[in-house]
Amino acid sequence: MIEDKNQKRTSLSELGEFGLIKHLVKEFDIKHETTVRGNGDDAAVIDFKDKQAVVSTDLLVEGVHFDLAYMPLKHLGYKAVMVNLSDVYAMNAVATQITVSIAVSNRFPLEAIEDLYAGIKQACKIYNVELVGGDTTSSNKGLLISVTAIGQVNAGDSVYREGAKPNDLLVVTGDLGGAYLGLQVLEREKAVFKVNPNSQPDLDMYSYIIERQLKPEARKDIIKLLADLDVKPTSMIDISDGLASEALHIADQSDVGVNIYEDKIPLDPQVIATCEEFKIDSTMVALSGGEDYELLFTISQEDFPKIKANPNLTVVGHITDKSEGSHLITRADTKIPLKAQGWNALLDS
């Protein structure tokens, strides 16, 4: 595909801050009864009546959380929403509204920001959430995006990281490691491009793992599935920093130990093949890769028959007494202390 080098570029200064906001949100609809007032005032007004509100915020910074060398702006807008919706679903709640704030440098024309908001709009449409506010400002550090997600949950139905008890089963949704490997492929192709700008990478064989990195999906479906199965997790967290890190969060806040079985960790065939190509251990990728945005939760053993053989769910371990510690049980039946080696935003940037 040949890029049009003469694309129209509209300077953001032509619109001004309030003109830009009005332009970007004009096509976002309000449908939820809970949204009393959306964009266009000093603050949004949301009425959940007899439900509890759930709120989560994440900040994404260019050069730290994303690289525009290979991250399309439309995908970035979509992913920025997913990162926050995943946190809401990890509370066993339903997301209903978001706010989006951006800081943008003058290298971005209006058309680029429109692409970003096209991804945000697509996420809102698919996940049935509404954009109800936000802010824009200038930046001398590239692009920054802050999304706040708001959700609702019936009183007594919310699930926290604490609550896991010895003998509970540890369950994960989907498969793990794909997002990290997708990042490795994209970084490799970026390095090749720097050496030879005329190179045209063939990424068809990596389509699944690249999509896991560039366009992840939050697991809204799991909240409905668990409700339909009449299963309430005893604890839950989303997998943003790797399976090991999240399991240890549950263990720490629930004051318990945990065992994860290496041979139970769900891996996509493309993940396994790419690990072999990069000579990376697939277990370590699943434990420490991060950005999968799957859900990790615990259930009582009495609920196991309800989830047994469900293709969306895999039992990967169980909760132990705190005195036993937290371990990975290898395929050779060796116990290795579980360590959080996932990405640290304050250290790895």
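Numbers given for residues are sequential positions, taken from 1 along each chain in its written order. In keeping with the model being predicted, local features are shown solely for residues with a pLDDT of at least 70 and side-chain atom pairs are shown and tallied solely at 80 or more, while totals for entire chains, interfaces and linings include all residues. Hydrogens are left out, water is left out, and the side-chain values use all remaining heavy atoms of the structure.

1. Considerations on the overall build of the chain
Item 1. Labels follow the DSSP assignment, with helices taken as runs of H or I lasting at least four residues and strands as runs of E lasting at least two, numbered in each case from the N terminus. Helix and strand counts for the chain come out as ten helices and 13 strands.
Item 2. Accessible area is worked out with a 1.4 Å probe on protein chains only. A residue is then buried under 20% of its type maximum, exposed over 50%, and partly exposed in between. Taken over 349 residues, the chain has a buried fraction of 48%.
Item 3. Taking as baseline every contact in the chain between residues at least 6 positions apart, the subset at least 24 positions apart corresponds to 86%.
Item 4. Of the roughly 17,600 Å² that the chain leaves accessible, carbon and sulfur atoms contribute 50%. Only heavy atoms matter for contacts: two residues are in contact if any of them lie within 4.5 Å across the pair. Only the protein chains shown count as covering a residue, and every accessible area follows the Shrake-Rupley method with a 1.4 Å probe.

2. So, the packing of aromatic side chains
Item 1. When the centres of two rings from Phe, Tyr and Trp lie within 6.5 Å, Trp using its six-membered ring, the rings pair. Their planes under 30 degrees apart give stacked, over 60 give edge-to-face, and anything left gives tilted. On inspection of all chains with the given rule, the structure shows one aromatic pair.
Item 2. Ring-over charges, as used throughout, are those where CZ of Arg or NZ of Lys falls within 6 Å of the ring centre and within 35 degrees of the ring normal. Across from the ring centre of Y78, 4.3 Å away, lies the NZ or CZ of K215, which sits over that ring.

3. So, the confidence of the model for the chain
Item 1. Of the residues in the chain, 87% have a pLDDT of 70 or more, and the chain-wide mean is 89.
Item 2. In predicted models, pLDDT denotes the confidence assigned by the predictor to each residue on a 0 to 100 scale. Every residue in residues 345-349 is under pLDDT 50, and counting partners more than four places away or in other chains gives five contacts.

4. As for the packing of helix α4 (residues 178-195) against helix α8 (residues 269-278)
Item 1. The axes used here are C-alpha line fits, helices contributing only the stretch in contact, and every angle between their N-to-C directions lies in the interval 0 to 180 degrees. Packing of α4 against α8 brings their axes to within 10 Å, and their N-to-C directions diverge by 45°. It follows that α4 is oblique to α8 by the angle criterion. Regarding α4 and α8, the two cross each other, and that crossing is left-handed. Taken together, the residues of α8 that come into contact with α4 (itself represented by G178, L181, Q184, V185 and R188) are V271, T274, C275, E277 and F278.
Item 2. Counted by class, the contact of α4 with α8 contains five nonpolar, three polar and two charged residues. The cut-offs work like this: below 35 degrees is roughly parallel, past 145 is roughly antiparallel, 65 to 115 is roughly perpendicular, and the gaps in between are oblique. Each crossing gets its handedness from the near helix: less than a right angle anticlockwise from the far helix is left-handed, clockwise is right-handed. Under the scheme applied, nonpolar residues are Ala, Val, Leu, Ile, Met, Phe, Trp, Tyr, Cys and Pro; charged residues are Asp, Glu, Lys and Arg; polar residues are all the others, including Gly.

5. A few points about the pattern of salt bridges
Item 1. Salt bridge, as used here: a side-chain nitrogen of Lys or Arg that lies within 4 Å of a carboxyl oxygen of Asp or Glu. If you walk through the whole model with that rule in mind, you get 15 salt bridges.
Item 2. With its nearest N and O atoms 3.4 Å apart, the salt bridge here joins E189 to R188.
Item 3. The shortest N-O distance in the salt bridge between D221 and R219 comes to 2.8 Å.
Item 4. Residue D221 is classed as partly exposed on the basis of its relative accessible area of 39%.
Item 5. In this structure R219 comes out as buried when scored by relative accessible area, which is 13%.
Item 6. Three or more residues joined by partner-sharing salt bridges are found here, namely R212, R219, D221, D292 and E294.

6. Brief notes about the nonpolar core
Item 1. Only buried residues count toward a nonpolar core, which is a set of Ala, Val, Leu, Ile, Met, Phe, Trp, Tyr and Cys residues joined through side-chain atoms within 4.5 Å. Counting residues in each nonpolar core, the largest one holds 62 residues, and the members touching the most others are L85, I98, V100 and I145.
Item 2. With nine residues, helix α2 (residues 73-89) is the largest single contributor of residues to this core.
Item 3. When near neighbours in sequence (up to four residues on either side) are disregarded, V100 contacts Y117, I120, L131, G133, G134, D135, I145, S146 and V147.
Item 4. Core analysis: the next-biggest nonpolar cluster, separate from the first, contains 22 residues, L170, I250, V256 and V316 among them.

7. Some details on the sheet that holds strand β12 (residues 326-329)
Item 1. Here seven strands make up an open sheet; going across it, the order is β8-β10-β7-β11-β9-β12-β13 and the pairing mixed. Lying at the two open borders of the sheet, with one neighbouring strand each, are β8 (235-238) and β13 (335-337). On average, each strand axis in the sheet is tilted by 25° relative to the strand beside it, whichever way the strands run.
Item 2. Across the sheet, helix α6 (residues 220-228) lies against β7 (169-173), β8, β10 (295-299) and β11 (313-320), angled at about 20° from β10, the strand it touches most.
Item 3. Packing against the sheet, helix α7 (residues 243-254) makes contact with β7, β8, β9 (257-261), β10 and β12, and its axis sits at approximately 145° to β8. The pairing criterion is simple: DSSP has to find at least two bridges between the two strands.

8. Looking at the sheet that holds strand β6 (residues 144-154)
Item 1. With respect to topology, four strands assemble into an open sheet ordered β3-β6-β4-β5, the strand pairing being mixed. On the outer flanks of this sheet lie β3 (51-61) and β5 (130-138), each paired with one strand and no other. Strand-to-strand twist across the sheet, computed as the mean angle between neighbouring axes with direction ignored, equals 15°.
Item 2. In this sheet, β6 lies alongside β3 in antiparallel orientation, the contact comprising eleven bridges. Residue pairing in the sheet places V55 in a bridge with I150 of β6.

9. Here's the deal with α7
Item 1. The length a helix should cover is 1.5 Å for every residue beyond the first. Given a rise of 1.5 Å per residue, twelve residues ought to cover 16 Å, and the 16 Å separating the end C-alpha atoms of α7 matches this to within 8%.
Item 2. Within α7 the residues assigned to the buried category are L243, A244, S245, E246, A247, I250, A251 and S254.
Item 3. The positive-phi residue at the C-terminal boundary of α7 is D255, with phi of around 60°.

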